[in-house]
Amino acid sequence: MEEYAVIGWPLGHTMSPAVHNASFAALGLACRLGAVPLPPDRFDTFMEALPRAGLRGVAVTIPYKERVLPRCASLDDVAAAVGAANTLLVEPGGAVRGFNTDGPAATEALRAAGAEVRGARVLVLGAGGAARAVCLQLLREGAAALAIANRTAARAARLAADLGRACGVEAEAMPLGGDRLAAAAAAADIVVNTTAVGMCPRVDETPLPASAIRRGAVVMDIVYNPVETRLLREARGRGARAVPGTEMLILQAAAQEGIWLGATADLDAMRRALTCALGRSP
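In this numbering scheme, every chain counts its residues from 1 along its sequence in written order. Only residues with pLDDT of at least 70 are given local features in this predicted model, and only at 80 or more are side-chain atom pairs given and counted; all residues enter the totals for whole chains, interfaces and linings. Just so you know, side-chain values use all the structure's heavy atoms and leave hydrogens and water out.

Caption draft 1: Inspection of the overall build of the protein at higher detail. Helix and strand assignments come from DSSP, with helices taken as H or I runs of at least 4 residues and strands as E runs of at least 2, each series counted from the N terminus. In terms of helices and strands, the protein carries ten helices and twelve strands. Only C-alpha atoms enter the radius of gyration; for comparison, a globular chain is expected to reach 2.2 Å times N to the power 0.38, where N is the number of residues. Its C-alpha radius of gyration of 18 Å places the protein within 12% of the 19 Å reference for a compact globule of 282 residues. Each principal axis of the C-alpha atoms in the protein carries an extent, and together these give about 50 × 40 × 35 Å. Counting the 282 residues in the protein, one finds 51% classified as buried. Exposure categories follow from relative accessible area, calculated using a 1.4 Å probe and restricted to protein chains: below 20% of the type maximum is buried, above 50% is exposed, and the middle band is partly exposed.

Caption draft 2: Representation of the packing of aromatic side chains in the model. Ring geometry is summarised as follows: Phe, Tyr and Trp rings, the Trp one being its six-membered ring, pair when their centres sit within 6.5 Å, and such pairs are stacked at plane angles under 30 degrees, edge-to-face over 60 and tilted between the two. Counted according to the given criterion, the structure contains three aromatic pairs. Seen in terms of ring centroids, Phe-43 and Tyr-64 are 4.7 Å apart; in terms of plane orientation they differ by 20°. Their pairing is stacked. Taken together, the positions of Phe-43 in helix H2 (residues 43–49) and Tyr-64 in the loop between strand E3 (55–60) and strand E4 (74–75) put the pair 21 residues apart, joining distant regions of the chain. With respect to class, Phe-43 is no different from Tyr-64; both count as buried.

Caption draft 3: Main features of the layout of surface pockets. Site definitions follow a grid-based scheme: protein atoms alone, a 1 Å grid, a 1.4 Å probe that fits but cannot get out for cavities, and for pockets an open set with protein on both sides within 12 Å along at least five of seven lines, plus lining residues having an atom within 4 Å of a point. Grid points are joined across faces, edges and corners, and a volume is the space filled by probe spheres set on the points. In this model, the largest pocket occupies a volume close to 1,400 Å³. Around the largest pocket sit 49 residues that line it, and Ile-62, Thr-194, Thr-195, Ala-196 and Met-199 are the ones nearest its centre. Only E3, helix H5 (129–140) and helix H9 (246–261) provide two or more residues apiece to the lining of the largest pocket. Here the lining of the largest pocket gets four residues from one element, more than from any other, and that element is H9. In terms of residue class, the lining of the largest pocket is made up of 24 nonpolar, 18 polar and seven charged. In this classification, the charged set is Asp, Glu, Lys and Arg, the nonpolar set is Ala, Val, Leu, Ile, Met, Phe, Trp, Tyr, Cys and Pro, and all remaining amino acids, among them Gly, are polar.

Caption draft 4: Local environment of the pattern of salt bridges. We define a salt bridge as a contact between a side-chain nitrogen of Lys or Arg and a carboxyl oxygen of Asp or Glu at a distance within 4 Å. Counted according to the given criterion, the structure contains 20 salt bridges. Put simply, Arg-97 and Glu-91 hold a salt bridge, and the shortest N to O gap is 3.0 Å. Classification of Glu-91 as partly exposed rests on a relative accessible area of 24%.

Caption draft 5: Highlighting the nonpolar core. Leu-110, Leu-146, Ile-148, Ile-190 and Met-220 are the most contacted members of the largest nonpolar core, which has 36 residues in total. If one sorts the elements of this core by residue count, H5 sits on top with seven residues. Should any heavy atoms of two residues lie within 4.5 Å, those residues are counted as being in contact. In contact with Met-220, other than residues within four places in its own chain, are Ala-106, Ala-109, Leu-110, Val-191, Val-192, Asn-193, Leu-232, Val-243 and Met-248. Joining through side-chain atoms within 4.5 Å is the link that ties buried Ala, Val, Leu, Ile, Met, Phe, Trp, Tyr and Cys residues into a set, and such a set is a nonpolar core.

Caption draft 6: Just the packing of helix H4 (residues 102–112) against H9, in detail. All axes are obtained by fitting lines to C-alpha atoms, using only the stretch in contact for helices, and the reported angles, taken between N-to-C directions, cover 0 to 180 degrees. Put simply, H4 and H9 touch, their axes get as near as 8 Å, and they point 135° apart. One finds that H4 runs oblique with respect to H9. Remark: the crossing between H4 and H9 carries right-handed chirality. Of the residues in H9, those touching H4 at Asp-102, Ala-105, Ala-106, Glu-108 and Ala-109 are Glu-247, Met-248, Leu-251 and Gln-252. The residue makeup of the contact of H4 with H9, split by class, is five nonpolar, one polar and three charged. Throughout this description, any angle smaller than 35 degrees is read as roughly parallel, any larger than 145 degrees as roughly antiparallel, any in the 65 to 115 degree range as roughly perpendicular, and the remainder as oblique. Here is the rule for handedness: rotate from the far helix to the near one, and if that takes an anticlockwise turn smaller than a right angle the crossing is left-handed, while a clockwise turn gives right-handed.

Caption draft 7: How the structure looks around the packing of H5 against helix H6 (residues 153–167). Interaxial distance between H5 and H6 falls to 11 Å at its minimum, and their mutual angle equals 40°. Our pair here, H5 against H6, has a crossing hand that is right-handed. Contacts between H5 and H6 involve Ala-131, Arg-132, Cys-135, Leu-136 and Leu-139 on the former and, on the latter, Arg-158, Leu-159, Asp-162, Leu-163, Ala-166 and Cys-167. The class makeup of the residues in the contact of H5 with H6 is eight nonpolar, no polar and three charged.

Caption draft 8: Main features of the environment of Ser-23. Mapped onto the elements of the fold, Ser-23 is located in helix H1 (residues 16–26). Look at Ser-23 and you get buried, because its relative accessible area is 0%. For the pair Ser-23 and Arg-272, spaced 249 residues apart in the sequence, the C-alpha separation amounts to 10.0 Å. Residues in contact with Ser-23, not counting those within four places in the same chain, are Glu-257, Ala-265, Asp-266 and Met-270.

Caption draft 9: Quick look at the pairing of strand E7 (residues 121–125). The element E7 is largely enclosed, with a buried count of four among its five residues. Strand pairing follows a simple DSSP-based rule, namely that at least 2 bridges must link the two strands. Two strands pair when backbone bridges link them, and E7 and strand E8 (residues 145–150) are joined in this way by five bridges, in the parallel orientation. Of the residues in E8, the one forming a bridge with Val-124 is Ile-148. The handedness of the E7 to E8 crossover, carried by H5, is right-handed. For a crossover, the right-handed case is the one in which the path from the first strand over the helix to the second runs clockwise, viewed with the strands pointing away from the viewer.

If you want it as structure tokens, here you go:
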């Protein structure tokens with residue numbers, strides 16, 4: 001049995017085991033992915049032991065997507081460019097390789113919902129590892145303008161500067177709140193929330209006031225538990241198109257299985273398992 005894991009903190013509501021294990025079973029693979037809740041004070045110990053832990057691969061979620069990079073012997077071009085990895089592959093000799101599947105999955109989910117990335121004005125909420133991947137991919141696919149809003153404005157400014165060096169595009173950085181955020185949202189064709197605001201159990205929270213959402217915009221929340229966050233519910237109420245995070249989760253997980261196994265994931269099995277697991281989730 002090949003063993004895989006998802007790491008993060010907290011990790012109580014992750015759907016990664018359900019999604020990956022359903023695909024493994026549908027493909028007839030002797031593989032299993034388990035959840036490893038990893039408090040910050042255990043992160044270094046876990047990573048030091050990883051080459052000898054018997055794990056073939058690791059899915060990485062909040063808050064470790066940036067912190068894993070120094071532990072990787074090599075990075076794919078996306079992880080290197082954005083400074084964040086959501087996927088680790090452990091080679092037979094113990095070398096750990098880092099990859100990032102978040103950005104391409106996000107834009108693929110947007111396109112599936114009918115959004116046109118090329119030429120779009122985009123507002124991204126958050127400046128962590130997922131935001132870095134999403135922003136880079138949006139710019140690579142031709143977004144015309146990008147604004148980044150984060151609770152800590154300095155972190156948004158660092159991300160904007162990094163993107164400028166990587167893509168030659170000047171992104172606007174701002175705090176997550178206030179008049180500048182409202183103006184950026186009013187101008188945005190696409191809004192993507194990459195923060196954990198609105199995730200179970202804090203389902204009554206939203207990173208963006210409903211009044212700031214423009215009719216006709218496309219609003220995607222990468223939070224997938226609950227499927228309809230307050231942000232998405234209020235976006236629909238304002239006449240915007242709402243894109244839940246479930247499809248991005250499926251698409252990035254499928255890409256992870258390609259990296260780990262060289263296999264084409266069973267998307268239908270993943271979707272059925274996710275729907276079932278979310279139906280049981282509190």
